[in-house]
Structure formats: structure tokens, C-alpha cells
Amino acid sequence: MGALLTERLAYMASIESMEQAAALGANVPDKTALLLGEYGAICPIAVLDRIRQTLKGPVLLELLSKNKNRDLIRSSIITSAACGFQGVLLASGIFSSGDGKARPVYDLDQAQMLRLALGLRETEAIPNSFIIAVRSASGNAPAELRARWYIEEGADYIALEKGAVPGLESKTLLIEPVRPA
């Protein structure tokens, strides 16, 4: 099972330059974990060393399923552990359509991603201490049931943008965007 984190995740959804990543990383408060998202032009794996120059806390990779097949998801989880991330946050991603945009892959949903990640932990392809979190919706009964299911199935944490699911407070990470100084 992944190691205990803080209750808040500072979220850098989009990385457009190394300088931007370093500047935003410097704004992350002490004892707060950082979540690096995949929405920008630069892959979060490329900025981890730069972020580590100013941030001492845990860093997680947001892994989006919308543009990856299962082989790439598996590789991304293993690679993130090998590169020094403390864990992954499994998410479906924001789907958009239009001319010139790639079509979503829809190979694995978050539940299937969770099972794949837990299997990697069982086979020791990733360390037992590597955090496996799942992004979840909040606010209504079906969303709460899904969040509970993720935890029951073995996720270390669920990540939400709004308040915790009753009874899962110790397993909830609240996502807050990093603000420029």
C-alpha cells in the first residue's frame, strides 16, 4: 500500500515550459504533495528533476486514459515509478472533439486502470510504497458509491475537487490548482 500523503494535492494541470513548471513548483506550500497533469505541451516526466530543485514533498503523475491504450498505461505507471514519482493519480481525462483532435482511445476506464496498477504492485513491477490514487467525482450518491468502490478494490486514495466522501476522509486527497505568485 502506498505511503501516507498530505490531504491536499497542489495541481499543475498543464505544463507549457520548464520555466513555468519551476515557477509554479516554487509556489507549492511545504508539506503539500504536487500533482503533475498531462494537459500541457510538455510531458510531466520531463520536469520532475526541475521540480525537485524547489519542492521536497511527494510528486504524483496524473495519468490520463483518454489517449492511451493499456500497453502505454502500463508503461507509464512503471516509468513514473522508475523516474522517482511517488505515485500516480488515475483519471479518464477531459474529452473534447473537433477537427484536428485525436479521438479518445477508450481502452481502459479508471476501474480497469486501477486493477492494472494493483497488478503491477502485486508482481513487484512497481514498489509496494508507490501510491495508487483514483480521481473521482463527488457530490451525489452514485459518485460516492464509485469512490467507495475504488477504495474497497485497493486504491490508496481517491482524489476529489470538493469535500470528502463521508467515512473516507482519511483516504481522500483534495485537488487544488497551483496559483502563480
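In what follows, the accompanying structure is described. (Residues numbered from 1 in each chain as written. Predicted model: local features only at pLDDT ≥ 70, side-chain atom pairs only at ≥ 80, totals over all residues. Heavy atoms only, no water.)

Considering the environment of Leu60
Among the structural elements, Leu60 can be located in strand E3 (residues 59-64). Of the residues examined, Leu60 reaches a relative accessible area of 0% and is grouped as buried. In the structure, Leu60 is positioned 29 residues away from Leu89 in sequence and 6.7 Å away in space, judged by C-alpha atoms. (Helix = DSSP H or I, 4+ residues; strand = E, 2+ residues; numbered from the N terminus. Buried < 20%, exposed > 50% of the residue type's maximum accessible area, 1.4 Å probe, protein only.)

A short note on the sheet that holds E3
In space, the seven strands of this closed barrel follow the order E1-E2-E3-E4-E5-E6-E7, with parallel pairing throughout. For this sheet, the mean angle separating the axes of adjacent strands, direction not counted, is 30°. As paired elements, strand E2 (residues 33-36) and E3 share three bridges and run parallel to each other. Within E3, the residue paired with Leu35 across the bridge is Leu60. In this fold helix H3 (residues 70-83) packs onto E3 and strand E4 (87-91), with an angle of close to 175° to the strand it touches most, E3. Sitting on the sheet, helix H5 (residues 141-153) is in contact with strand E5 (131-135) and strand E6 (157-160), with an inclination near 150° to E6. (Pairing = 2+ DSSP bridges. Axes fitted to C-alpha atoms, helices over the stretch in contact; angles between N-to-C directions. Contact = heavy atoms within 4.5 Å.)

Some thoughts on the pairing of E2
Burial along E2 is two-sided: the residues Ala33 and Leu35 and Leu34 and Leu36 are all buried. With helix H1 (residues 18-25) bridging strand E1 (residues 8-12) and the parallel E2, this β-α-β connection has right-handed handedness. (Right-handed = clockwise from strand over helix to strand, strands pointing away.)

Points about the side chain of Gln110
Within the secondary structure, Gln110 sits in helix H4 (residues 110-122). On the accessibility criterion, Gln110 (14% relative accessible area) is buried. A distance of 2.5 Å separates a polar side-chain atom of Gln110 from the backbone oxygen of Arg135. Not counting residues up to four positions away in its chain, the partners in contact with Gln110 are Leu90, Ala91, Ser92, Val134, Arg135 and Tyr150. (Polar contact = N/O pair within 3.5 Å; in protein donor to acceptor, adjacent residues only side chain to side chain.)

Quick look at helix H2 (residues 44-52)
Listing the buried residues of H2 in full gives Pro44, Val47, Leu48 and Ile51. Around the axis of H2, the buried residues are gathered within 135° of arc, so they sit on the same side. Contacts made by the buried residues of H2 are with E1, H1, E2, E3 and H3. (Arc of directions from axis to C-beta.)

Observations concerning H3
Because the α-helix completes a turn every 3.6 residues, residues three or four places apart line up on one side. With 14 residues, H3 should cover 20 Å at 1.5 Å per step; its first-to-last C-alpha distance of 20 Å lies within 8% of that length. Buried residues of H3: Ile73, Ser76, Ile77, Ser80 and Ala81, and no others. Taken around the axis of H3, the buried residues stretch over an arc of 125°, which confines them to a single face. Of the exposed residues in H3, those oriented more than 90 degrees away from the buried face are Asp71 and Ala82. (Expected span 1.5 Å × (residues − 1).)

Considerations on the packing of H1 against H2
The N-to-C vectors of H1 and H2 enclose an angle of 45°; their axes lie 9 Å apart at closest approach. In terms of orientation, H1 and H2 fall into the oblique class. H1 and H2 meet at a crossing whose hand is right-handed. Here Met18, Glu19, Ala21, Ala22 and Gly25 of H1 lie close against H2, whose contacting residues are Ala46, Val47, Arg50 and Ile51. (Parallel < 35°, antiparallel > 145°, perpendicular 65-115°, else oblique. Left-handed = near helix turned anticlockwise from the far one by under 90°.)

Notes on the environment of Leu35
The residue Leu35 is located in strand E2 in this model. A relative accessible area of 0% places Leu35 in the buried class. Placed 140 residues apart in sequence, Leu35 and Ile175 show a C-alpha to C-alpha distance of 8.3 Å.

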